[in-house]
Amino acid sequence: MNKRTMKAVMITQYGGPEVLTVKRDINIPKIEKNQVLIENYAAGLNPHDIYLRKGILASVIDDHLPIIPGLDIAGKIVATGESVTKFSVGQNVYAMMDSNNEFAKTGFAKTGAYAAYCTTREDTLSLMPNNLSYVEAATIPLVYLTAYQAIVKKLNAEKGQKILINGASGGVGCAAVQIAHYIGLEVSAVCSMHANNFMRSLNPTKIIHYEHADFTKSSEKYDIIFDVVGNKNYEVCRNNLTATGTYISNVPTNETFAVYHNPSDSEKYGFHKKNKYNWVTPSGNDLSKITSIINQGHIVPIINKVFNIDEVAKAHKHMETGISKGKNVLKIKD
Ligand SMILES: NC(=O)c1ccc[n+]([C@@H]2O[C@H](COP(=O)([O-])OP(=O)(O)OC[C@H]3O[C@@H](n4cnc5c(N)ncnc54)[C@H](OP(=O)(O)O)[C@@H]3O)[C@@H](O)[C@H]2O)c1
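Residues take numbers from 1 onward in each chain, read along the sequence in its written order. This being a predicted model, a pLDDT of at least 70 is required before a residue's local features are given, and a value of 80 or more before pairs of side-chain atoms are given or counted; all residues contribute to the totals for chains, interfaces and linings.

J.: Can you walk me through the site of the ligand in this structure?
T.: Being near a molecule or strand means, for a residue, that its backbone-placed C-beta atom lies within 6 Å of it. Taken together, 28 residues surround the ligand, and among them Gly170, Gly171, Val172, Ser192 and Val280 come closest. In DSSP terms, a helix is any run of H or I states spanning at least four residues, a strand is any run of E spanning at least two, and both are numbered starting from the N terminus. For the shell around the ligand, the elements supplying multiple residues, two or more each, are α1 (47-54), α3 (141-154), α4 (171-183) and β9 (186-191). Residues are sorted three ways: Asp, Glu, Lys and Arg are charged, Ala, Val, Leu, Ile, Met, Phe, Trp, Tyr, Cys and Pro are nonpolar, and all the rest, Gly among them, are polar. A per-class count over the shell around the ligand returns 15 nonpolar, 13 polar and no charged. Segment limits for the domains were obtained from an automatic or database-derived domain assignment. Counting contributing residues, the shell around the ligand receives three or more from each of domain 1 (5-140 + 301-331) and domain 2 (143-277).

J.: Sorry, what's going on with the nonpolar core here?
T.: One recurring pattern in soluble globular proteins is that nonpolar side chains are buried together. One finds Ile165 and Ala176 to be the most contacted residues of the largest nonpolar core, which totals 93 residues. At eight residues, the largest contribution of residues to this core is made by α3. Formed jointly, this core draws a minimum of three residues from each of two domains, domain 1 (5-140 + 301-331) and domain 2 (143-277). This entry defines residue contacts through backbone-placed C-beta atoms, with two residues in contact when those atoms are within 7 Å. Once you skip the residues sitting within four places of it in the chain, Ala176 turns out to touch Ala147, Ile151, Ile165, Phe226 and Val228. Note on definitions: a nonpolar core is a set of buried residues drawn from Ala, Val, Leu, Ile, Met, Phe, Trp, Tyr and Cys, linked by C-beta atoms within 7 Å. Buried means a residue has 20 or more other C-beta atoms within 10 Å of its own C-beta, exposed means 12 or fewer, and partly exposed covers the counts in between; C-beta atoms are placed from the backbone.

J.: Got a minute to help me understand the pairing of β9 in this structure?
T.: Along any regular strand, the residues point their side chains to alternate faces of the sheet. Among the six residues that make up β9, five are buried, leaving the element largely enclosed by the rest of the structure. At least two DSSP bridges between two strands are required for those strands to pair. Of the strand pairs in this sheet, strand β8 (residues 162-166) and β9 are connected by five bridges, and their pairing is parallel. Each residue of the ladder has a partner; that of Asn166, found in β9, is Val190. Regarding topology, α4 serves as the crossover connection from β8 to the parallel β9, and that connection is right-handed. Pairing between β9 and strand β10 (residues 206-209): four bridges, direction parallel. Directly across from Ser188, in β10, lies its bridge partner Lys206. Consider the strands pointing away from the viewer: the crossover is right-handed when the path from the first strand over the helix to the second runs clockwise.

J.: Got a minute to help me understand unusual backbone geometry in this structure?
T.: Negative phi values dominate among residues other than glycine, just as trans dominates among peptide bonds. Omega for the bond connecting Leu65 with Pro66 falls within 30 degrees of zero, at -5 degrees, which places this linkage in the cis form. With respect to the secondary-structure elements, Pro66 resides in the loop between α1 and β4 (72-80).

J.: It is not clear to me how α4 should be interpreted in this structure. Could you clarify?
T.: Expected span, for any helix, means 1.5 Å times one less than how many residues it has. Counted at 1.5 Å a residue, the expected span for α4 with its 13 residues is 18 Å, and the 19 Å between its end C-alpha atoms agrees. α4 sits mainly inside the fold: 10 of its 13 residues count as buried. For α4, the set of buried residues is Gly171, Val172, Gly173, Cys174, Ala175, Ala176, Val177, Gln178, Ile179 and Ala180. If you follow the buried residues of α4, they end up packed against α3, β8, β9, β11 (222-227) and β15 (327-331).

J.: Please clarify how the packing of α3 against helix α9 (residues 284-295) should be interpreted in this entry.
T.: Any two packed helices are characterised by how steeply their axes cross, that is the angle between the axes, and by the distance between the axes. Between α3 and α9, whose axes approach to 10 Å, the crossing angle comes to 95 degrees. Relative to α9, the element α3 is oriented roughly perpendicular. Between α3 and α9, the residues in contact are Pro141, Tyr144, Leu145, Tyr148 and Gln149 and Asp286, Leu287 and Ile290, respectively. Considered class by class, the residues forming the contact of α3 with α9 number six nonpolar, one polar and one charged. All axes here are fitted lines through C-alpha atoms, helices being fitted over the stretch that makes contact, and every angle between N-to-C directions spans 0 to 180 degrees. Any angle that falls under 35 degrees is termed roughly parallel, while one over 145 is termed roughly antiparallel, one within 65 to 115 roughly perpendicular, and all others oblique.

J.: I keep staring at the environment of Glu82 and nothing clicks. Help me out?
T.: Summarising the element assignment, Glu82 is placed in the loop between β4 and β5 (92-96). As a C-alpha pair, Glu82 and Gln35 span 47 residues in sequence and 8.6 Å in three-dimensional space.

J.: Hey, could you run me through helix α10 (residues 312-321) in this one?
T.: Helical geometry note: an α-helix holds 3.6 residues per turn, so side chains three or four residues apart project in the same direction. Every buried residue belonging to α10 is among Val312, Ala315, His316 and Met319, and all of these are buried. All buried residues of α10 project into a common sector of 95 degrees when viewed along the axis, lining one side. Lining the buried residues of α10 we find β1 (5-11), β2 (20-27), α1, β14 (303-308) and β15. Throughout, the arc means the angular range of directions from the helix axis out to the C-beta atoms.

J.: Where do I start with the domain arrangement of the protein chain in this structure?
T.: Accessible area lost upon the coming together of the parts is a frequently used measure of interface size. Split into domains, the protein chain comes out as domain 1 (5-140 + 301-331) and domain 2 (143-277). Inter-centroid distance (C-alpha atoms) of domain 1 to domain 2 is 27 Å. Split into classes, the residues belonging to the side of domain 1 that touches domain 2 amount to four nonpolar, three polar and two charged.

J.: What should I look at first to understand the sheet that holds β10 in this one?
T.: Whenever strands of a sheet pair, they do so through backbone hydrogen bonds, lying parallel or antiparallel. Strand order across the open sheet formed by six strands is β10-β9-β8-β11-β12-β13, with parallel pairing between neighbours. Each edge of the open sheet is held by one strand with a lone partner, namely β10 and β13 (274-277). For this sheet the average axis-to-axis angle between neighbouring strands, irrespective of direction, equals 15 degrees.

See the structure below:
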């Protein structure tokens, strides 16, 4: 590859959407031996990108300004490092990327998806699902890995169990509804009235509109309560768990961080009920399993809006103020 520079979105200071600057002369990143270079066609947009832009993650992530935001990529491999064995140039791949050359101690993946070229480790990659476009594929990695790692890997959820998903119409919520459905769980989806018809299309057993009903005030019990929004903590949900039920959240708060670092202690408070926190990690293995579920037709990508890379500030404004129905995507290249 002879090109040396690329188009990318860069943050040189923390702040509002206006700090997202589209540049055309950013150096194309160099790969290390366990990494691949990807010509990136689309970047999935996540709330993480907003926290990063605002500087909320500055104290915990090992990233320094200037930063290229974004974690979800879908594109074509254009170069491979010398120790890469499972992937080759020309393949269409997607990933929750991590431009660190080794897994970071903080657990945070290093960003760089809002760019025409990205580097990521081989272990973060999966081949793209058979019939998805790059834009569709970019909606999958981070949110499906979050839902898969919570429901399947952490909880070993089994067919017939009852799950309630609080925040079911957003990125993680739609992923959780579809994964739960695939496993054969009985799904109660909590969303707003405006998401009603859209949520019905995902076929949950029950829809609860949060404006009209507070699920924690009902006597209904669940094997799993997956709080994607983070506005109903374990204590509030405890009476709605079965005797061995589990509350799990992916929203970092002081409380969920405490649970993450000391899960056995937190479980003591609930007797046999469990309180868990789920932190998503990039994983090509897990993403390949998700890919195979997509290829079998059990998961469909759900796109809310697609923005061109030049509209990145508008895209962030939309994420901060707009209605969530699935995923927003930044199109990097046609
Ligand atoms: N720790 C991790 O590893 C990890 C991984 C992924 C995501 N996250 C975090 O998880 C959160 C959700 O991510 P996301 O990608 O799903 O965000 P999203 O696409 O913006 O979705 C947020 C959802 O919350 C819903 N919501 C808002 N108020 C609600 C309420 N009172 N009751 C029930 N639902 C409500 C919204 O529905 P309406 O628009 O209809 O109100 C929307 O569907 C974010 O904070 C994100 O940073 C953490």
